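# Descriptive structure summary
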Amino acid sequence: MGELWMPSWFGNACHYISVIRDEVPERVHVYAADEDTEIRYDPPERPCLVLESRSRRSSRVRVQGPGGSEDGAIAPEGFLPGVRYVMRRDSGPVWTLSVRSLLRKRHALELAGGEAWVFDTPFFWKLRVTGTVRGSPDLLGCVGPTMRCWLFAIEPSRDSPDLLAAIAYLHQRWWHS
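A short tour of the structure in this document, coming up. Counting from 1, residues in each chain are numbered in the order their sequence is written. Local features in this predicted model are restricted to residues of pLDDT 70 or higher, and side-chain atom pairs are both shown and tallied only at a pLDDT of 80 or more, whereas totals for entire chains, interfaces and linings draw on every residue. Processing note: side-chain calculations cover all non-hydrogen atoms of the structure and skip hydrogens and water entirely.

### Description of the side chain of Gln-64
Strands here are runs of E lasting at least two residues and helices are runs of H or I lasting at least four, both read from the DSSP assignment and numbered beginning at the N terminus. Looking at the element boundaries, Gln-64 is found in strand S4 (residues 61-64). Buried, partly exposed and exposed residues are distinguished by accessible area as a fraction of the type maximum, computed with a 1.4 Å probe on protein chains only: under 20%, between the cut-offs, and over 50%, respectively. Relative accessible area serves as the criterion here: at 10%, Gln-64 is assigned to the buried category. For this analysis, residues touch if any pair of their heavy atoms sits within 4.5 Å. Ignoring any residue separated from it by four or fewer positions in sequence, one finds Gln-64 in contact with Leu-49, Val-50, Glu-52, Ser-69 and Asp-71.

Right, here's the structure in full:
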């Protein structure tokens, strides 16, 4: 068996846990973590971001910062339902997330500043999450310990609350697909 390859930034990575709680309204909590954080369904830390849906099947969500402040809203956009989503803040677009594969495994994220990501979400037995910028892996993650949890690490220079909101939204859409 070959040795596991890790990118050079992984030792300094920003680590997170995304958890979908069984609540009404449904919420996705994103927690900052470190290598000593115990991985479990209900982390004790205060979330650094929360997505809140109006209902379990709603694709429209509110984005809230750590203190509960409104940081934006995510909603579908375009003619075909379930293909394109936009996060807006103060009515301006923050990012656009588009489905790029028939099986809903590959997604493209374009941030308002022009940075473009490609995400691969879990599919069947491959329970990995990856994010790349210009072909370079800048996000590595996995599902676990339950399907409601994603664990992931982001290259430090790419880390931002808006990127966290996109990943949490990907998690929520994947959970409901």
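What follows picks up the thread again.
### Comments concerning the side chain of Arg-21
Examined against the element boundaries, Arg-21 turns out to sit in strand S1 (residues 14-21). Here Arg-21 falls in the buried class, since its relative accessible area comes to 16%. The definition of a polar contact used here is a pair of N or O atoms within 3.5 Å, where within protein one atom must be able to donate a hydrogen and the other to accept one, and adjacent residues in sequence count solely through side-chain atom pairs. Only 2.2 Å separates the side chain of Arg-21 from the side chain of Tyr-31, close enough to count as a polar contact.

### Re a nonpolar patch on the surface
To count toward a patch, a residue needs a relative accessible area above 30% and no salt bridge. Like charges then connect within 9 Å, nonpolar side chains (Val, Leu, Ile, Met, Phe, Trp, Tyr) within 5 Å. A 1.4 Å probe and the Shrake-Rupley method give the accessible areas. Residues count as covered only by the protein chains that appear here. Whenever a carboxyl oxygen of Asp or Glu lies within 4 Å of a side-chain nitrogen of Lys or Arg, that contact is scored as a salt bridge. Together, Phe-79, Leu-80 and Val-83 line one region of the surface with nonpolar side chains, adding up to about 380 Å² of accessible area. One can find Val-83 in the loop between strand S5 (70-76) and strand S6 (84-89). Residue classification places Val-83 among the partly exposed residues on the basis of a relative accessible area of 32%.

### Brief notes about the pairing of strand S3 (residues 49-53)
Counting buried residues along S3, 5 of its 5 residues qualify, which places the element largely inside the surrounding structure. Side chains Leu-49, Leu-51 and Ser-53 project from S3 onto one buried face, and the interleaved Val-50 and Glu-52 project onto a second face that is buried too. In this sheet, S3 lies alongside strand S2 (residues 27-33) in antiparallel orientation, the contact comprising 4 bridges. Counted as the bridge partner of His-29 is Val-50 from S3. Strands qualify as paired when DSSP identifies two bridges or more between them.

### Observations concerning the sheet that holds strand S7 (residues 92-99)
Spatial strand order, S1-S2-S3-S4-S5-S6-S7-S8-S9-S10-S11-S12: 12 strands in a closed barrel with antiparallel pairing. Going across the sheet, the axis of each strand differs from the next one's by a mean of 20°, ignoring polarity. Here, axes are lines fitted to C-alpha atoms. For helices the fit covers the stretch in contact, and angles between N-to-C directions go from 0 to 180 degrees.

### A word on the pattern of salt bridges
Enumeration according to the criterion identifies 9 salt bridges in this entry. Its salt-bridge partner being Glu-52, residue Arg-27 comes within 2.8 Å of it at the nearest N-O pair. Residue Arg-27 is found in strand S2, and its partner Glu-52 is found in strand S3; the two are separated by 25 residues along the sequence. Arg-27 sits in the partly exposed class, given a relative accessible area of 22%. Look at Glu-52 and you get buried, because its relative accessible area is 15%. For Arg-89, the salt bridge is made with Asp-162, and the minimal N-O distance between the two is 2.5 Å.

### Examining unusual backbone geometry
Residue Pro-145 is bonded to the preceding Gly-144 through a cis peptide linkage, with omega at 5°. When you line up the elements, Pro-145 lands in the loop between strand S11 (136-143) and strand S12 (149-154). Located in the positive-phi region is Asp-90, a residue other than glycine, with phi close to 50°. Within the fold, Asp-90 resides in the loop between S6 and S7. A relative accessible area of 74% places Asp-90 in the exposed class. Residue Arg-134 is not a glycine yet carries a positive backbone phi of 50°. Within the secondary structure, Arg-134 is located in the loop between strand S10 (128-133) and S11.

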